[in-house]
Amino acid sequence: MPVLRHNLLPYDEPACQGNKIIFRLSVMRIFTKIFCCLLLATPPYTLYAEDGYRLWLRFDKIKDAGIRMEYNRQLKNFTSAGQSPTIKIAIDELKNGLEGLLGHSVPMVKTIGATGSIILATSEHSPVKLPKAINNQLQQLDKEGFILQKVSSGGKSFILIGGGSDIGVLYGVFHFLRLLQTQQSITRLQIKSEPDIPLRMLNHWDNLDRTVERGYAGASIWDWHRLPEYLDRRYTDYARANASIGINATVLTNVNANALVLRPDYLEKTRALADLFRPYGIRVFLTARFSAPIELGGLKTADPHDPQVQAWWKNKVDEIYRLIPDFGGFVVKANSEGQPGPQNYGRTHADGANLLANALQPYSGRVIWRAFVYSNETPEDRVRQAFSEFVPLDGSFSKNVMIQVKNGPLDFQPREPVHPLLLEGALTQTASVLELQITQEYLGQANHLVFLAPMWQEVLETPDFHQKIDGFAGVSNIGSDRNWTGHLFGQTNWYAFGRLSWDNQLSPEAIADEWTRMTFSNDNESVKLIKSMLLNSLENCVDYMTPLGLAHLMATGHHFGPGPWVNDLPRADWNPTYFHRADSTGIGFNRTATGSNAVAQYPAALRDLYASRAKCPEKFLLWFHHVGWNEKLASGRTLWEEICRHYDQGVIGAVTMQADWQKLKKSIDSDRFEQVEQLLSIQAKEARWWHDACLSYFQSVSKLPYPAGTAPPEKSLEYYKKLDYPFAPGIRPRW
Ligand code: BDP
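Residues numbered from 1 in each chain as written. Predicted model: local features only at pLDDT ≥ 70, side-chain atom pairs only at ≥ 80, totals over all residues. Heavy atoms only, no water.

Asker: Explain the environment of Ala90 to me, using residue names and the numbers behind them.
Answerer: Tracing the backbone through its elements, the reader meets Ala90 in helix H3 (residues 85-102). In this structure Ala90 comes out as buried when scored by relative accessible area, which is 0%. Separated by 76 residues in the primary sequence, Ala90 and Asp166 have C-alpha atoms spaced 8.7 Å apart. (Helix = DSSP H or I, 4+ residues; strand = E, 2+ residues; numbered from the N terminus. Buried < 20%, exposed > 50% of the residue type's maximum accessible area, 1.4 Å probe, protein only.)

Dropping the structure here:
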């Protein structure tokens, strides 16, 4: 009998256990058993469906015998002296990973041999005496950091997975396994890794009824109804996946918060999750509804200056820390899109944030206060409002307040210039958190393959980007779909968020390479093809949705599909026409000094670049300028011709991805191949829809003929306007 590969993930277990033969079976059942055993004896031994559940944590036997032999030589056994739950997890992960990858079990031993051992250690506990220099290095490491190093000492040579603390060891184990999964040489290992960003946090926009705001992967994974008694296996797998990419915090609930989560019974449920996540290095945060003292506490006001309100929050926080001693703190959306906040009482955002911060301060808890605020009543350009609101408050926030700022000043569009609050000189005395949206609310949702690392890299590489950002928050794309993220390739964005938060220098190319090898294959041709799909996908999407700096052309409410004509919403700044400002003369939002002057919020060099019609990068052109339809762009084509060309290119890009994927048919298991194949076909269809709907609308305004080579829209503008998707996911329950 082959050795059954122990797999930590439940649904991937082989369909039958060959070692449990029961003799009192009918003849029929005996035959069935024999059949199962024969199947088990025939490679591959994996009888589970390849449905994407395992994410990038796939430890299937390495196919290349040469590489396996090389690893076998160096990985004969391992040892550890630590006792904590985190170290136990590290041991399990290492054992399970090695066994899967090498195809045989790698024992944990008490005494190591001359070569071929792995040592798990920190400066506090090591199963062998480490050379002094190494021990010093471990002592100086960031608590979450790790080193992977070939060490020779006392006549023995081993691989050290050393952590700044136990969680560093676990991170080190996952990184070590990643090296093996991506088939890198471990002969001269010498890696030291520490996180660039201390707070690396997922934000779930999950409601207590299990709907997920802007969630496209099924119901929320948090089964509040059955918590705290029922701990779904998914919670553990979620924690493993996050730990494997260094994510160390999670906000369980929607920013449009429900006060109920602060009720004692819900806090018990949160405690159960916090207990489970703790050994994986993950701290739990909750969103706090500002009016909770009224809704839960029965007070008449939530005014931050009211002593009863202050006492209510203090007591609530004390209660939380009695249950969850390492509770992270609160994330708050206040006075934004109808949420209550301090301004309801004539107070400032600083007053509101400090109210909660004072209650959390004795426990070192934090308030993460969102800067996503804008008001319809204010005549100011929507993209200017957060900066105008928060910069004057800089210096008045308590030390444990962090301001969470979206990557762009509007709202997670396919492309936006960086948010000026994130640049040097804006918030100089307040800690900030960069908020990125992993779930693709405005990027085709879970229907489209769009790799977001290039977008995030664009933000991090902006000149004057504030280097002292203390946290990255990623709005999660995780749900209870079998493959977690709805689109199998949505997993890349979860993965990329974690890896980039840990190492800001990692290139999208390197992240795509790792993810592809871990998720699909180490075959170089396949890797090349998948990587090119990933790396071109964002630009494709921008082209077929919002090229040349256009933004917010999406349909109302669910944001699924195009709606550039929409002009009838109760708030002007929710209408696509507010953002593109197309008229008979041209298109684009004048944000220079002759317009809304949003450029003035940028540091000098960027301000001059964006304000200049000649120098403004074309990718942001219509964000900052209103440009005549017949004005010439750098290519020599007119703006109208260039808009058409971008929409054409987007469609070509989507169709090319389909063709590329077909080339992979033989190298990818059929289940996952088909999942992606179907979605790529939807994406190509929807790219064409975006192209046709946007061009027919803009043509009705520009009144210019389509340039030669542009495919004219298939249907009339009226047809696109009438399309209606009442049950598009992301807002209402899906079941
Ligand atoms: C927008 C979403 C909305 C969120 C809001 C936010 O459409 O559902 O509540 O952002 O970030 O993108 O608060």
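Let's pick the thread back up.
Asker: Outline the site of the ligand, supporting the account with residue identities and numerical values.
Answerer: As a matter of local geometry, the ligand sits amid 14 residues, with Glu213, Lys333, Arg370, Asp411 and Glu441 nearest to it. Note that an oxygen atom of the ligand is positioned 2.9 Å from one of the side-chain N or O atoms of Arg214. In the environment of the ligand, an oxygen atom lies 2.6 Å from a nitrogen or oxygen atom belonging to the side chain of Lys333. A total of 320 Å² of accessible area belongs to the ligand in isolation, and the protein chains cover 97% of it. For the shell around the ligand, a count of residues per class yields 4 nonpolar, 2 polar and 8 charged. (Near = heavy atom within 4 Å. Polar contact = N/O pair within 3.5 Å; in protein donor to acceptor, adjacent residues only side chain to side chain. Areas by Shrake-Rupley, 256 points an atom, 1.4 Å probe, with all protein chains shown as cover. Nonpolar A, V, L, I, M, F, W, Y, C, P; charged D, E, K, R; others polar.)

Asker: Can you tell me about the confidence of the model for the chain, naming the residues and giving the values?
Answerer: Overall, the predicted model of the chain reaches an average pLDDT of 93, with 93% of residues at or above 70. Confidence scores differ between elements of the chain, with helix H1 (residues 27-41) showing the lowest mean pLDDT of 49 and strand S7 (residues 249-251) the highest of 99. A low-confidence stretch, residues 1-25 stays under pLDDT 50, and its non-local contacts, those more than four residues away or across chains, total 52 contacts. Here residues 36-46 scores under 50 on pLDDT; set against residues more than four positions off or in separate chains, the count is 15 contacts. (pLDDT = per-residue confidence, 0-100. Contact = heavy atoms within 4.5 Å.)

Asker: I'd love a proper account of the packing of aromatic side chains, names of residues and values included.
Answerer: Within the structure shown, the criterion is met by 42 aromatic pairs. Ring centres of Trp56 and Trp494 lie 5.2 Å apart, and the angle between their planes is 80°; on these two criteria the pair is classed as edge-to-face. With Trp56 in the loop between H1 and helix H2 (65-74) and Trp494 in helix H13 (residues 490-502), this pair connects stretches of sequence that are 438 residues apart. Their ring planes at 70° and their centres at 5.8 Å tell us that Phe520 and Trp661 sit as a pair that is edge-to-face. Taken together, the residues span a long stretch of sequence, with Phe520 in the loop between helix H14 (508-519) and helix H15 (524-545) and Trp661 in helix H19 (residues 639-662) at a distance of 141 residues. Pairwise contacts between aromatic rings join Tyr53, Trp56, Trp222, Tyr235, Tyr238, Phe277, Trp484, Trp494 and Tyr495 into one cluster. Stacked on the ring of Tyr578, the Lys or Arg Arg581 has its end atom at 4.9 Å from the ring centre. In this structure, Lys715 packs its charged tip against the face of Tyr719, placed 4.7 Å from the ring centre. (Phe/Tyr/Trp six-rings, centres within 6.5 Å; stacked < 30°, edge-to-face > 60°. Lys NZ or Arg CZ within 6 Å of the ring centre and 35° of its normal.)

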